Amino acid sequence: MMRTSVLRCCKAAVPVAAWLGCVVGAYAQHVDRIFVNGKIWTGDPAKPAAQALAVSGDKLVGVGSDQEIRALARAGTTVVDLKGRRVVPGFQDSHLHFPGPSVNSVALDAVTTLKEFQGTLSDFAKSHPKLPWITGRGWGYAAFPNQTVDKKYIDAVISDRPVYANERDGHMGLANSKALQVAGITRATKDPPNGTIMRDANGEPTGELKEAAQGLLRSHVPQATPEEVYESLLKHMDEAAAVGLTAVQNASWSPRDQPLYERALAARALKLRFRFAPPILPADGRYPRDHVLKQPLTEEDLATYKHLRDTYRGPLMKFGSIKGMLDGVVDAGTAAMYEPYVGGSGTGIPFWEQDDLNKAVALYDKEGFQVLLHAIGDKAVTMALDAFEYAGKTNKTQGRRHKVEHIEVPRLSDLPRFKQLGVIASTQPMFANPDETALQNFAVLLGPGRAAIADSFKLFDDAGAVQVFGSDWPVMDFSPIRGLSVAVTRMTPQGTPAGGWYPQGRVSVEAALRHYTRDAAYGSFDEQIRGTLTTGKLADFVVLSGDILTMPPAEIVKTKALLTVMGGRDTYRDKAF
Ligand SMILES: [Zn+2]
């Protein structure tokens, strides 16, 4: 009723001052907070810049000049002084994996030498004497002599307990002798389909397990309890809010985790907006790494996913997409390529036959799902695009916004197909971080021709594709500022290499911001309700410590989130704010 009278009032031919009063009147009891004196990059082409925001409940009810927004304040409205700081829409990570590493596992991301690797593992083992297994993740090949890993490096520091630590991509891992023994992996063990047990010259397993071979060991690692997983979820949401994330496209989902998200939702503990992409499950429901094999969708899976899609429609929890995997990763030589890796290590492992993939994608497409396909090598990228094209033609569907995930080494001739088919390019700026592993393993395996166009984000923008940025966390740090910094400079935080790694792949700060905000919202079918700072949309925004749009690009990496607001609620506030 109230609403009707407001509308009638506003539509009447009244003088401007009275009209303004009427608009203000409509919000008089509702403006909770106004944020003034800022430098706001809205991402909205209709009004790209502003000084101030007004928030009511979970929405923005005003975006404009200080004067305009101050006029909306009433008794009870809190005024927040932004002190001239840069404000941008809340960041969305369009590809990561919640709930993330267990609180009871060891992080090896910061390790750069063998000594650090061994020290970090043994320190963790000493401080967790009761854990039956030591598990961790995050190491890179560059930390090891000759880029070669071996169980002996772990045996030297932990021999009495089984240890298994994943490489940062997650597609391979390193076990110690005890873990191989517990899992019964010996020289007599055959490689499983789509997996490799690495062996030395004598045929003895080295402890390195690639792709599906990891399954031989994983089944022996004790599962985290639901309480542990919930604890990890809360912890990692806090970390995400602290770097300015307000929304994520979760490329993981499992029936085990679903009750934990529901628990967080009910407890109003969600600090991120989640859109989930359950995996294309195998018939026996195993999860997660073994789901990559070609498996038909069962009626039961479909019923489950449709039920979730109908039940959770946002804005905090949302379903409607599905994820499949077509290949591995370059660093393990498992991404599916047209031409062999340098050094003659084959052309990778494609997980699907094209016909099977076409049928599976068409089935989900027909049912209205957005399909996400992990495709890193050029061959896999073509397969993904072919499957999307097939689905659209067969079902006569459009607007599904299917996504190819990673697209690290595309063929140039495939780039225009993203726009033609309406397929979203989902890329990870941190994959272009030119660290030791990228330069000495990734680039070497590809050779200069392919390395020059790998993770070259400008190519997708130039081809007119909608591009969304993500981190693939925990593979990479999920800080959008870290990712944005790499996308803009193609340098490490230390500023190497000078001038940037294949600098022709750089994008502007504004382009990177769009890929983390407006484009990301489009990729989640949420562009009507978020992604830009526009009156009427959700109040999701970040106050930054520095102005990333005007500072020297090499400085961007030092920028921090000072305040993160999701749905009008502070999910992170730095002491310095
Ligand atoms: Zn991923």
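None of the values given here were measured: they were computed from a predicted structure.

Participant: Describe in detail the sheet that holds strand β3 (residues 49–50), supporting the description with residues and values.
Facilitator: If you walk across this open sheet you meet the six strands as β3-β2-β7-β23-β24-β25, and the pairing is mixed. Since the sheet does not close on itself, it has two edges, and those belong to β3 and β25 (569–573), each with one partner.

Participant: So what's going on with the coordination of the zinc ion? Residues and values would help.
Facilitator: For the zinc ion, the full set of protein donor atoms is H95 (NE2), H97 (NE2) and D472 (OD), at a range of 2.1 Å. Sequence positions of the residues that donate to the zinc ion give the spacing H-x1-H-x374-D. Residues H95 and H97 agree in their burial class; the two are buried.

Participant: Can you tell me about the sheet that holds strand β8 (residues 91–96), naming the residues and giving the values?
Facilitator: Judged by pairing direction, the sheet is parallel, and its four strands sit side by side in the order β8-β15-β16-β17 without closing on themselves. Edge positions in the open sheet fall to β8 and β17 (317–318), since each of these has one partner strand only. Pairing analysis gives two bridges linking strand β16 (residues 273–276) to β17, with the strands arranged parallel. The residue bridging F274 from the neighbouring strand is M317, located in β17.

Participant: Could you give an account of the packing of aromatic side chains, with specific residues and numbers?
Facilitator: The geometry of two aromatic rings is summed up by the distance between their centres and the angle between their planes. In the structure shown here, the tally under the stated rule is 21 aromatic pairs. Taking 5.8 Å as the distance between ring centres and 80° as the angle between the ring planes, the aromatic pair formed by F91 and Y516 counts as edge-to-face. Here F91, found in strand β8, pairs with Y516, found in helix α18 (residues 509–516); they are 425 residues apart in sequence, far enough to count as distant. Taking the relative accessible area as the measure of exposure, F91 reaches 0% and is therefore buried. Take Y516: its relative accessible area is 3%, and that puts it in the buried class. Three or more aromatic residues joined by ring pairs make a cluster, and in this case those are F98, W253, Y261, F274, F276, Y305, Y312, F319, W473 and F478. The cationic tip of R309 hangs over the ring face of F369; the distance from NZ or CZ to the ring centre is 4.3 Å. In this structure, R401 is placed above the aromatic ring of Y522, and the distance from its NZ or CZ to the ring centre is 3.7 Å.

Participant: Outline helix α17 (residues 480–489), listing residues and values.
Facilitator: Of all 10 residues in α17, 10 are buried; the element is thus mostly enclosed. Burial in α17 covers these residues: P480, I481, R482, G483, L484, S485, V486, A487, V488 and T489. Of the residues flanking the end of α17, it is R490, one or two places downstream, whose phi is positive at about 50°.

Participant: Mind laying out the packing of α17 against α18, listing which residues take part and the relevant values?
Facilitator: Relative to each other, α17 and α18 sit at 140°, their axes nearing to 9 Å. The pairing of α17 with α18 is recorded here as oblique in orientation. Crossing hand, α17 versus α18: right-handed. Counted together, P480, G483, L484, A487 and V488 of α17 and V509, A512, L513 and Y516 of α18 form the full contact between these two elements. Its residues placed into classes, the contact of α17 with α18 shows eight nonpolar, one polar and no charged.

Participant: So, the nonpolar core: which residues are in play, and what are the values?
Facilitator: One finds F98, F274 and F418 to be the most contacted residues of the largest nonpolar core, which totals 84 residues. For this core, the element with the most residues is helix α12 (residues 378–395), which contributes eight residues. Those residues in contact with F98, other than ones at most four positions away along the chain, are L233, H236, M237, A240, N250, S252, Y261, L272, F274, W473 and F478. Formed by 38 residues, the second largest nonpolar core is a distinct cluster that contains Y141, I154, V163 and A451.

Participant: Quick one: what's the story with the pairing of strand β4 (residues 52–56), residue by residue and with numbers?
Facilitator: A regular strand places its side chains on the two faces of the sheet in alternate fashion. Burial analysis of β4 places five of its five residues in the buried class, the great majority of the element. Looking at chain direction, strand β1 (residues 33–36) and β4 are connected through three bridges and run antiparallel. Considered in β4, the bridge of I34 is made with A54. As paired elements, β4 and strand β5 (residues 59–64) share five bridges and run antiparallel to each other. Paired with V55 across the strands is L60, a residue of β5. Between β4 and β5, which pair antiparallel one after the other, the connecting turn spans two residues, and G57 there sits at a positive phi close to 60°.

Participant: Describe the pattern of salt bridges, and please don't skip the residues or the numbers.
Facilitator: Within this structure, the stated rule accounts for 28 salt bridges. K235 is paired through a salt bridge with E239; the nearest N and O atoms lie 3.3 Å apart. Residue K235 and its partner E239 are both found in helix α8 (residues 226–242); the two are separated by four residues, about one turn of the helix. You can call K235 partly exposed: its relative accessible area is 39%. The class of E239 is partly exposed, set by a relative accessible area of 30%. Close ionic contact of K403 with E405 constitutes a salt bridge, the shortest N to O distance being 3.6 Å. Its relative accessible area of 1% is what places K403 among the buried residues. Overlapping salt bridges, with partners in common, bring together D386, E389, K393, R411, D414 and R417 in one network.

Participant: Give me the lowdown on unusual backbone geometry, citing residues and values where you can.
Facilitator: With an omega of 5°, the peptide bond between F98 and P99 qualifies as cis. Note that P99 resides in the loop between β8 and β9 (106–107). A cis amide bond links G314 to the next residue, P315, at an omega of -5°. Within the element layout of this structure, P315 appears in the loop between α10 (299–311) and β17.

Cut-offs applied
Residues numbered from 1 in each chain as written. Predicted model: local features only at pLDDT ≥ 70, side-chain atom pairs only at ≥ 80, totals over all residues. Heavy atoms only, no water. Pairing = 2+ DSSP bridges. Helix = DSSP H or I, 4+ residues; strand = E, 2+ residues; numbered from the N terminus. Donors = N, O, S within 2.8 Å, 3.2 Å for Na, K, Ca; no water. Buried < 20%, exposed > 50% of the residue type's maximum accessible area, 1.4 Å probe, protein only. Phe/Tyr/Trp six-rings, centres within 6.5 Å; stacked < 30°, edge-to-face > 60°. Lys NZ or Arg CZ within 6 Å of the ring centre and 35° of its normal. Axes fitted to C-alpha atoms, helices over the stretch in contact; angles between N-to-C directions. Parallel < 35°, antiparallel > 145°, perpendicular 65-115°, else oblique. Left-handed = near helix turned anticlockwise from the far one by under 90°. Contact = heavy atoms within 4.5 Å. Nonpolar A, V, L, I, M, F, W, Y, C, P; charged D, E, K, R; others polar. Core = buried A, V, L, I, M, F, W, Y, C linked by side-chain atoms within 4.5 Å. Salt bridge = Lys/Arg side-chain N within 4 Å of Asp/Glu carboxyl O.

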